[in-house]
Amino acid sequence: MCPIMRDVDEIYAKDKRIKREDVRILKEWLQKQEHLPQLTESQIIIFLHSCFYSIEQTKTNIDHFCSRRSLYHYCFRHLDEEELRTNSSVAFIGVLPKPTPQGYAILLSKLVDLAPEKYDFAKLTRMLDMVASLYVNEHAPLEGVVIVYDTKGCSLGHVTRLNFDVMKHSTDQLRDGTPVRIKGIHFINAMPVVDKLVGLVKPFLNDELYSLMNVHSSLNTFYKYVPQECLPEEYGGDLPSCQSLREENLSHMLNNYAFFEWHDSLLVDESRRLKKSTSFGIDGTFKTLEID
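Sequence order as written defines residue numbering, which begins from 1 separately in each chain. Predicted model: local features are reported for residues with pLDDT of at least 70 only, side-chain atom pairs are reported and counted for 80 or more only, and whole-chain, interface and lining totals are derived from all residues. Hydrogens and waters are ignored; side-chain quantities use all the structure's heavy atoms.

Looking at an unreviewed UniProt entry, one finds the protein named CRAL-TRIO domain-containing protein and attributed to Zophobas morio.

Below is the structure:
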């Protein structure tokens, strides 16, 4: 059982476009998919919302989400507690406590320790997945998510430590499996190396995701998307410092560590899949998650 229990009646009340009948249909479909884990009702609602209430797209999204996490567990498996503490000292990755005026959650990632030899891209990607998964299960459905990468201190030494296999699969999951609506991807405090970084990432993005990317050499252009009052004090904002938020975020994750162990159990059993195809058992090609 999921350690995080949500009041589904409250979720239905907040968004009248989420129909109980649609969720019932998805529950019945999921029960017939012997290869898939059984999700909670709140999780089904979250996927349905992220797919703009399309039942068929939700089925695809759920299968993709669980299948990719199973096939590429090294990209998504949670860190152990010591690894979590260690990597939290290398980078701050967290959802800020105040959303944008449009109601979009802000996921911020920034280096804390600038030494390239401390930078482990695979483990930091797994930590980002932990942060996002916990937040989504606690707070979704969300109006949208804005992803912000502060590249201050990023050097060529960091870029050479990127793992392209992890980058590909995590980007594919962001595009086709993650149950959120992406509203923007911003690189701030852009260093010269950012152009190289964007060039490396571009082949893994579809047109929708690439169109959402913005590189900012000045915070003034970034404020047009995310107002100062929604940001930590390092960015001229009204929120506490990133150091304070980092400590709070780490404490919250450790206090909810049982969730990550449960979340990693949502795997597929390919031997029980009823249909065989090249796209995780669903006939035809995968539809990409609509992003607006």
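A. The UniProt feature "domain: CRAL-TRIO" (unreviewed entry) in the protein, seen in detail. UniProt positions are given in the numbering used here, feature names are shortened, and annotations may be inferred rather than shown by experiment. Sequence positions flagged by UniProt for "domain: CRAL-TRIO" (unreviewed entry) are, in local numbering, residues 80-243. Annotation note: span residues 80-243, helix share 39%, strand share 17%, distance between end C-alpha atoms 22 Å. Secondary structure elements follow DSSP: runs of H or I of four or more residues count as helices, runs of E of two or more count as strands, with numbering from the N terminus.

B. Representation of the packing of aromatic side chains in the model. Two aromatic rings, drawn from Phe, Tyr or Trp (for Trp, its six-membered ring), form a pair once their centres lie within 6.5 Å of each other, and the interplanar angle then sorts them: stacked below 30 degrees, edge-to-face above 60, tilted otherwise. Under the counting rule described, the total for this entry stands at six aromatic pairs. The interplanar angle of 65° and the centroid separation of 6.1 Å between the aromatic rings of Y257 and F260 together place this pair among those described as edge-to-face. A residue pair is termed a helical-turn pair when its members lie 3 or 4 positions apart in one helix, as Y257 and F260 do in helix α14 (residues 257-263) at three residues. Both residues of the pair, Y257 and F260, belong to the buried class. An aromatic cluster is defined as three or more aromatic residues linked by ring pairs; in this entry it consists of Y257, F259, F260 and W262. We call a charge positioned over a ring when the NZ of a Lys or the CZ of an Arg lies within 6 Å of the ring centre and within 35 degrees of the ring normal. When the ring centre of F52 is taken as origin, the NZ or CZ atom of R181, which lies over that ring, is 3.9 Å away. Only protein chains enter the accessibility calculation, which uses a 1.4 Å probe; a residue whose area is less than 20% of its type maximum is buried, one above 50% is exposed, and one in between is partly exposed.

C. Molecular detail of the sheet that holds strand β1 (residues 91-95). Only strands that DSSP links by at least two bridges are regarded as paired with each other. Strand order in the open sheet formed by five strands is β1-β2-β3-β4-β5, and the pairing between neighbours is mixed. Each edge of the open sheet carries a strand with a single partner, namely β1 and β5 (213-215). Looking at each pair of strands side by side, their axes are set apart by 15° on average, direction ignored. One ladder, built from six bridges, connects strand β3 (residues 145-150) with strand β4 (residues 182-188); its direction is parallel. Bridge pairing in β4 links V145 to I182. Helix axes are fitted to C-alpha atoms over the stretch in contact, other axes to C-alpha atoms as well, and angles between N-to-C directions run from 0 to 180 degrees.

D. View of the confidence of the model for the protein. Residue-level confidence of the predictor is summarised by pLDDT, bounded by 0 at the bottom and 100 at the top. Here the protein averages 90 in pLDDT, and 94% of its residues register 70 or above. Here residues 277-292 is a poorly scored stretch, pLDDT under 50, and it has 45 contacts once near neighbours within four places are set aside; other chains count. Between two residues, a contact is recorded if the distance between any of their heavy atoms is within 4.5 Å.

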